[in-house]
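Now for the letters of each chain:
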Amino acid sequence: MNDNKDSSAKTTDSQSFLAKSPAGLEEVLAGELSKLGAENIEILKRAVSFEGNQRLLYKANYHCRTALRILKPINQITFRDEREFYNRIHDIPWEDYMEPDHTLSIDSTIGNSIFTHSHFVSQRAKDAIVDRFRERTGIRPSVDLENPVLRINLHIYKDTVNVSLDSSGASLHKRGYHTVNAEAPLNEVLAAGMIMLTGWHGESNFIDWMCGSGTLLIEAAMIAMNLPAGQFREEYGFMKWKDFSPQLWNKVKDEALTDQRDLDIEIRGSDISARNLKAAEANIRNASLHKDIKLQVADFKDIKPPEGAGILVSNPPYGERIEVDDLQELYRDMGSALKRNFEGYKAWLISSDLQAIKLVGLRPMAKKILWNGQLECRFVGFDLYHGSKKDKYK
Ligand SMILES: C[S@@+](CC[C@H](N)C(=O)[O-])C[C@H]1O[C@@H](n2cnc3c(N)ncnc32)[C@H](O)[C@@H]1O
């Protein structure tokens, strides 16, 4: 992605889209979409709406690091009861979007509605679509929850249904490089969003001293080298759409090649578990970044970063999914190691244990609320500027 705003997304065939993001990353996502040339961007709760053309839709799927999926709204209907819901869904010209022998899946979310079960809503909508095809062609599309041709998204609030097509297919956090997991891996979208929230763009060294399966390291390298988020991903939902343009898609990918740059900083990861580090090694190799990221089995207390400016971003155990003998001691030790070894660096830690984070014993320069799955977390930044030891920590 270029730092300059792309204005070629503004053409007459402009449409509305909705990009979903994890809570706390909406503004970062809006910034990404703006750089790609999206128009009329609006920040919503765990989503960003925007306008653009088909090219922008492909680019948003390929480049956005903090989008989970991108929906294309196709219809809005209102209903009074279940029968009317079925009829309105049945009325939509589904043959514009899929063939009778295609497969489909339907995701529904409901709020404050006569419907109380999303599964039931999806089932009724599926009946309506399948009946329409059967009545017209004698052929019934079938359901494929794993890998359907058309993923349909229904968002119901009170008596209104927003009907959208999911242009991403599988969630965009599935970047394609993560084949081996260690304990409690971070979602790739969250990892990228954490790094982007710090404001780091690859201008200084990057360290994760508890790197597990290497997610933060890989996302950092991709940011620093300007590799698109989808560089290693082969499939997107829009590729199966009737209006898919392979030429346009290839153009979007080719354009991204010209923006890539070499690394001129160090990216280093370490972990006390040799097993977890093996997972990181495999994932980093999948992303062909094994020459760019240095790995080491080590206790974080022994890590000395490269000279110069840099940033540490890490996801230590919280005691929720990974058991630790003494969580309090671990957080105290992190504080001591930062003070001792990381002068001149900035350090960012994410944790759901708010009490433990205080034991780091440094005054935070920034605090953000993020969610790691169901766990509400704080993402806390510390500035270990030169001379800070003397001024602040004594
Ligand atoms: C929550 S996991 C990190 C997951 C990682 N962000 C990922 O996406 O896979 C925490 C990691 O801290 C490591 N760890 C725990 N104690 C450590 C220590 N004293 N020194 C270094 N690493 C440690 C664990 O082995 C584990 O891999």
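Okay, so let's go over this structure.

The rules behind these values
Residues numbered from 1 in each chain as written. Predicted model: local features only at pLDDT ≥ 70, side-chain atom pairs only at ≥ 80, totals over all residues. Helix = DSSP H or I, 4+ residues; strand = E, 2+ residues; numbered from the N terminus. Rg over C-alpha atoms; globule rule 2.2 N^0.38 Å. Buried ≥ 20, exposed ≤ 12 C-beta atoms within 10 Å, placed from the backbone. Pairing = 2+ DSSP bridges. Core = buried A, V, L, I, M, F, W, Y, C linked by C-beta atoms within 7 Å. Domains from an automatic or database assignment. Contact = placed C-beta atoms within 7 Å. Axes fitted to C-alpha atoms, helices over the stretch in contact; angles between N-to-C directions.

So, the overall build of the protein
Phase 1 of the analysis: When helices and strands are tallied, the protein shows eleven helices and 15 strands.
Phase 2 of the analysis: At 23 Å, the protein has a C-alpha radius of gyration in line with the 21 Å of a compact globule built from 394 residues.
Phase 3 of the analysis: Principal-axis analysis of the C-alpha atoms places the extent of the protein at approximately 75 × 45 × 40 Å.

A few points about the pairing of strand S12 (residues 310–314)
Phase 1 of the analysis: Among the five residues of S12, five are classified as buried, and the element is accordingly described as predominantly covered.
Phase 2 of the analysis: Alignment of strand S9 (residues 205–208) against S12, held across three bridges, turns out to be parallel. Note on S12: the bridge partner recorded for Phe 206 is Ile 311.
Phase 3 of the analysis: Note that S12 and strand S13 (residues 345–351) share five bridges and pair parallel.

Observations regarding the nonpolar core
Phase 1 of the analysis: Within the largest apolar cluster, 84 residues are counted, with the highest numbers of intra-cluster contacts made by Ala 19, Leu 33 and Leu 217.
Phase 2 of the analysis: Take this core: its biggest share by element is eight residues, from helix H5 (residues 188–198).
Phase 3 of the analysis: If you count residues domain by domain, this core takes at least three from each of domain 1 (15–166) and domain 2 (188–226 + 263–393).
Phase 4 of the analysis: Here Leu 217 is in contact with Asp 208, Cys 211, Ile 267, Gly 269, Ala 280, Ile 284 and Ile 293, once residues within four sequence places are set aside.
Phase 5 of the analysis: In this structure, Phe 85, Val 121, Val 149 and Val 163 belong to the second largest nonpolar core, which totals 18 residues.

What to know about the sheet that holds strand S14 (residues 366–372)
Phase 1 of the analysis: Ordered in space as S11-S10-S9-S12-S13-S15-S14, the seven strands form an open sheet in which the pairing is mixed. Here the strands that pair on one side only, and so sit at the sheet edges, are strand S11 (293–297) and S14. Recorded for the sheet is a direction-independent mean angle of 20° between the axes of neighbouring strands.
Phase 2 of the analysis: Where S9 meets strand S10 (residues 267–271), three bridges bridge the pair, whose relative direction is parallel. When the bridges of S10 are listed, Ile 207 appears paired with Arg 268.
Phase 3 of the analysis: In this fold helix H6 (residues 215–225) packs onto S9, S10, S11 and S12, with an angle of close to 175° to the strand it touches most, S10.

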